[in-house]
Amino acid sequence: MPKMKTAGLPLDQAQKAAILIHGRGANADSILSLSKYLNLDDYALLAPEATGGTWYPYSFMAPDEANGSALEDSMKTISDTWGSILSSGISAENIVLIGFSQGACLSLEFAAQNPQKPGAVVAFTGGLIGEQVREDKYSGDLSGVKVFIGSSEKDFHVPLSRIKESETLLSRMGAEVNLLIFKDSNHTIRQEEINWVNENIL
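Worth saying up front: this structure is predicted, and the values here are computed from it rather than measured. (Residues numbered from 1 in each chain as written. Predicted model: local features only at pLDDT ≥ 70, side-chain atom pairs only at ≥ 80, totals over all residues. Heavy atoms only, no water.)

Caption draft 1: Structural view of the overall build of the chain. Within the chain one finds 5 helices and 7 strands. Reading the secondary structure of the chain in the N-to-C direction produces β-β-α-β-α-β-α-β-β-α-β-α. The C-alpha radius of gyration computed for the chain amounts to 15 Å, which stays within 12% of the reference 17 Å derived for 202 residues, consistent with globular compactness. Projected onto its principal axes, the C-alpha positions of the chain cover 40 × 35 × 30 Å. Counting only residues that meet the buried cut, the chain has 49% of its 202 residues in that class. Taking as baseline every contact in the chain between residues at least 6 positions apart, the subset at least 24 positions apart corresponds to 78%. A distance of 3 Å separates the average location of the 16 positive side-chain charges in the chain from that of its 25 negative side-chain charges. (Helix = DSSP H or I, 4+ residues; strand = E, 2+ residues; numbered from the N terminus. Rg over C-alpha atoms; globule rule 2.2 N^0.38 Å. Buried < 20%, exposed > 50% of the residue type's maximum accessible area, 1.4 Å probe, protein only. Contact = heavy atoms within 4.5 Å. Lys, Arg positive; Asp, Glu negative; His and termini not counted. Charge placed at Lys NZ, Arg CZ, Asp CG, Glu CD.)

Structural data, given as structure tokens:
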């Protein structure tokens, strides 16, 4: 069973929850530190932790079989976390998925595949997972779901072309997708992204 860190309100006292998913080489504590900057005071915060610090071994655009079972296990971890929140009595529309890098990719992928739509998805540098974006993989209804994707226009790990492809598919599924693309080449979370998310989602 993967490790899980929690913060914020206890689940049984909260009406809203956020699943925070860290990036490669990071951990649950690092992604939970975002709570100092994001408006999450009213939320129960759950941060699963990847074994060995990585959710899947290769690029998120590697051939599907390369990430195979590791990606399946990671998706199940997010699904189990989602299920534990629902079991506590918090409804799906009051759950926000927040991730950085690998975690952003997982957040988007889970939301697009999950039959129950979340309240919102915040993807700090990420895109849908797979060698290609295949519409037949996704059957979820994201109508009215706010999706934020922020990134550099020349991020080393996440090409702008994949972000645009993800935007197109998620919009087709009904999501209200907002992109903030920056001229720098930094693989990071910028203050402008934090401000936008606080003002428009949280």
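From this point on, the discussion continues.
Caption draft 2: Looking closely at the pairing of strand 3 (residues 43-49). The buried fraction of strand 3 amounts to 7 of the 7 residues, a majority that puts the element mostly inside the structure. The side-chain alternation of strand 3 yields two buried faces, one formed by Tyr43, Leu45, Ala47 and Glu49 and the other by Ala44, Leu46 and Pro48. Where strand 1 (residues 3-8) lies against strand 3, 6 bridges are found, and the strand directions are antiparallel. Following the sheet pairing, Thr6 is matched in strand 3 by Leu46. In this sheet, strand 3 lies alongside strand 2 (residues 16-21) in parallel orientation, the contact comprising 4 bridges. Residue pairing across strands places Ala17 opposite Ala44, the latter belonging to strand 3. (Pairing = 2+ DSSP bridges.)

Caption draft 3: Just the packing of aromatic side chains, in detail. Throughout the structure, instances matching the rule amount to 3 aromatic pairs. Taking 6.0 Å as the distance between ring centres and 70 degrees as the angle between the ring planes, the aromatic pair formed by Phe124 and Phe148 counts as edge-to-face. Of the two residues, Phe124 is situated in strand 5 (residues 120-124) and Phe148 in strand 6 (residues 146-152); the sequence distance between them amounts to 24 residues. Overall, the relative accessible area of 0% leaves Phe124 in the buried class. Classification of Phe148 as buried rests on a relative accessible area of 0%. Look at Phe148 and Trp196: their rings are 5.3 Å apart centre to centre, the planes differ by 25 degrees, and that puts the pair in the stacked class. (Phe/Tyr/Trp six-rings, centres within 6.5 Å; stacked < 30°, edge-to-face > 60°.)

Caption draft 4: Just the side chain of Gln102, in detail. Locating Gln102 in the fold gives a position in helix 3 (residues 102-113). A polar side-chain atom of Gln102 sits 2.8 Å from the main-chain carbonyl oxygen of Tyr56. When near neighbours in sequence (up to four residues on either side) are disregarded, Gln102 contacts His22, Gly23, Arg24, Thr54, Trp55 and Tyr56. (Polar contact = N/O pair within 3.5 Å; in protein donor to acceptor, adjacent residues only side chain to side chain.)

Caption draft 5: Up close: the environment of Ile181. Note that Ile181 resides in strand 7 (residues 176-182). Filtering out sequence-adjacent residues up to four positions away, Ile181 remains in contact with Ser151, Ser152, Glu153, Leu160 and Ile163.

Caption draft 6: Expanded view of the environment of Ala111. Take Ala111: it is sitting in helix 3. Taking the C-alpha atoms as reference points, Ala111 and Pro63, 48 residues apart in sequence, are found 21 Å from one another. Leaving out residues up to four positions away in the same chain, Ala111 has contacts with Leu97, Pro118, Val121 and Leu142.

Caption draft 7: Up close: the sheet that holds strand 5. If you walk across this open sheet you meet the 7 strands as 1-3-2-4-5-6-7, and the pairing is mixed. Strands at the two margins of the open sheet, each flanked by one partner only, are strand 1 and strand 7. For this sheet, the mean inter-axis angle between neighbouring strands, taken without regard to orientation, is 15 degrees. (Axes fitted to C-alpha atoms, helices over the stretch in contact; angles between N-to-C directions.)

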